[in-house]
Amino acid sequence: PRECKRSGTIFCYVFYSKTGSIDTALMSETTRIVMLVIAGFGISFGVAILGYKVIETVGSKITQLNASSGFCAQIATAVTVNFASFLAIPVSTTSVLIGAIAGVGLAEKEKDAINKPLLLKIGVGWIMTMIMV
């Protein structure tokens, strides 16, 4: 169910523990709204506390972006995410953006255009996140 993605996982667990089902048809409209509001506050809190580090890393530490390379990365991300959505494939927008930025860096054809150790660190972080969840 769409409501059970990412931040809704905890809420679905709580809902399942109370009802024995994660069938979203059983969720009241109020439950859905509460889930979205709490998730929105959680995301906002995370961005307020650590967002600047993510923005700095994505914007300048993976590779140096100028206006045209940043535009290319954003267009590639938008096309990829929309195509995946069309195919009903769940993807992380952030992961796709990191890949697009790395692709733009590789297109520069300079030997050290991308920060490979940082990309490795990000990749290990993604794998560890999947293992831990």
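Residues numbered from 1 in each chain as written. Predicted model: local features only at pLDDT ≥ 70, side-chain atom pairs only at ≥ 80, totals over all residues. Heavy atoms only, no water.

Asks: Even after reading the chapter, I still don't get helix H4 (residues 93-107), so can you show me in this structure?
Replies: Residue pairs three or four apart in sequence face the same way in an α-helix, which turns once every 3.6 residues. Along its 15 residues, H4 runs 21 Å from first to last C-alpha, staying within 8% of the 21 Å computed at 1.5 Å per residue. For H4, the set of buried residues is Val96, Leu97, Ile98, Ala100, Ile101, Ala102, Val104 and Gly105. If you follow the buried residues of H4, they end up packed against helix H2 (29-61), helix H3 (67-86) and helix H5 (116-132). Residue Lys109 follows H4 closely and has a positive phi angle near 65°. (Helix = DSSP H or I, 4+ residues; strand = E, 2+ residues; numbered from the N terminus. Expected span 1.5 Å × (residues − 1). Buried < 20%, exposed > 50% of the residue type's maximum accessible area, 1.4 Å probe, protein only. Contact = heavy atoms within 4.5 Å.)

Asks: Would you mind showing me how to read the packing of H3 against H4 here?
Replies: Helix-helix packing is characterised by the crossing angle of the two axes and by the distance between the axes. Two elements in contact, H3 and H4, have axes separated by 8 Å at closest approach and are oriented at 140°. The angle between H3 and H4 falls in the class oblique. At the point where H3 passes H4, the crossing takes the right-handed sense. Of the residues in H4, those touching H3 at Ser69, Cys72, Ala73, Gln74, Ala76, Thr77, Thr80 and Val81 are Thr93, Val96, Leu97, Ala100, Ile101 and Val104. In terms of residue class, the contact of H3 with H4 is built from nine nonpolar, five polar and no charged. (Axes fitted to C-alpha atoms, helices over the stretch in contact; angles between N-to-C directions. Parallel < 35°, antiparallel > 145°, perpendicular 65-115°, else oblique. Left-handed = near helix turned anticlockwise from the far one by under 90°. Nonpolar A, V, L, I, M, F, W, Y, C, P; charged D, E, K, R; others polar.)

Asks: Would you mind going over unusual backbone geometry with me for this structure?
Replies: The phi angle of most residues is negative, glycine excepted, and most peptide bonds adopt the trans form. If you check the backbone angles, Ala88 has positive phi at about 60° while not being a glycine. With respect to the secondary-structure elements, Ala88 resides in the loop between H3 and H4. Ala88 gets classed as exposed once you look at its relative accessible area, which sits at 65%.

Asks: Sorry, what's going on with the nonpolar core here?
Replies: Core analysis: the largest hydrophobic core is formed by 10 residues, namely Val58, Ile62, Ala73, Leu97, Ile98, Ala100, Ile101, Val104, Leu118 and Ile122. When neighbours within four sequence positions are excluded, Ala73 is seen to be in contact with Leu97, Ala100, Ile101 and Val104. (Core = buried A, V, L, I, M, F, W, Y, C linked by side-chain atoms within 4.5 Å.)

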